[in-house]
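# A look at the structure
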Amino acid sequence: MAVVTVIKINAITVPKDSGDELAHRFAKRAGAVDGQEGFEGFELLKPTDDREQWLVVTRWRDEESFRAWLSSPAFGHGHRSESERAGGEAPKPVSTHSEVWSYEVADLTRD
């Protein structure tokens with residue numbers, strides 16, 4: 001059976017003046033998903049043109065691994081701020097919209 005890497009891209013719309021804060025928040029939780037079964041990699045991509053979409057790219061062994069992470073306590077914990085984890089209020093969101101895109105690596109060897 002062929003190995004299929006599943007790629008999930010969270011396209012987050014962030015006003016230009018909030019991008020640094022988004023990057024800061026991701027930096028504070030860097031590595032939080034690293035130990036999750038089936039996790040293969042993470043990248044935070046910031047725009048270099050006039051776009052306001054930042055891309056959170058994760059790679060997974062398979063769809064089941066990604067879904068297991070979504071339903072895990074680690075997902076909920078990793079998506080809460082330090083303030084929330086300490087019993088405080090959630091900070092104001094920096095994004096105005098997000099959507100998740102799903103891809104897999106194309107097999108270019110097939111006829």
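Everything below is about the structure shown above.
First, a word on what this report is: a plain description of the structure on this page. (Residues numbered from 1 in each chain as written. Predicted model: local features only at pLDDT ≥ 70, side-chain atom pairs only at ≥ 80, totals over all residues. Heavy atoms only, no water.)

## Let's talk about the sheet that holds strand β3 (residues 53–60)
In sheet architecture, strand pairing relies on hydrogen bonds along the backbone and comes in two forms, parallel and antiparallel. How we decide: Whether two strands pair comes down to DSSP finding at least two bridges between them. Segments assigned H or I by DSSP are reported as helices when at least four residues long, segments assigned E as strands when at least two residues long, and all are numbered from the N terminus. Under this scheme, a helix contributes an axis fitted over its contacting stretch, all axes are lines through C-alpha atoms, and angles between N-to-C directions fall in the 0 to 180 degree range. The contact criterion used is simple: two residues touch if any of their non-hydrogen atoms lie within 4.5 Å.
Strand order across the open sheet formed by 4 strands is β2-β3-β1-β4, with antiparallel pairing between neighbours. Only two strands of the sheet have a single neighbouring strand rather than two, namely β2 (39–45) and β4 (97–104). Strand-to-strand, the axes of this sheet are offset by a mean angle of 15 degrees, without reference to chain direction. In terms of strand pairing, strand β1 (residues 6–13) meets β4 through 8 bridges, oriented antiparallel. If you follow Ile9 over to β4, its bridge partner there is Trp101. Strand contacts of helix α1 (residues 19–28): β1, β2 and β3, with the helix running at about 25 degrees to β3, the strand carrying the most contacts.

## A closer look at the nonpolar core
Note the following rule: Among buried residues, those of type Ala, Val, Leu, Ile, Met, Phe, Trp, Tyr and Cys that are joined through side-chain atoms within 4.5 Å constitute a nonpolar core. Relative accessibility thresholds used throughout: buried, under 20% of the residue-type maximum; exposed, over 50%; partly exposed, between the two (1.4 Å probe, protein chains only).
Listed in full, the 7 residues of the largest apolar core are Ile12, Val14, Leu22, Phe26, Trp54, Val56 and Val94. Put simply, the parts of the chain that give this core at least two residues each are α1 and β3. If near-sequence neighbours (up to four positions away) are discounted, Val94 is found in contact with Val14, Pro15, Ser18, Glu21, Leu22 and Arg25. Counting 6 residues, the second-largest nonpolar core is a separate cluster that includes Val33, Phe39, Trp60 and Trp69.

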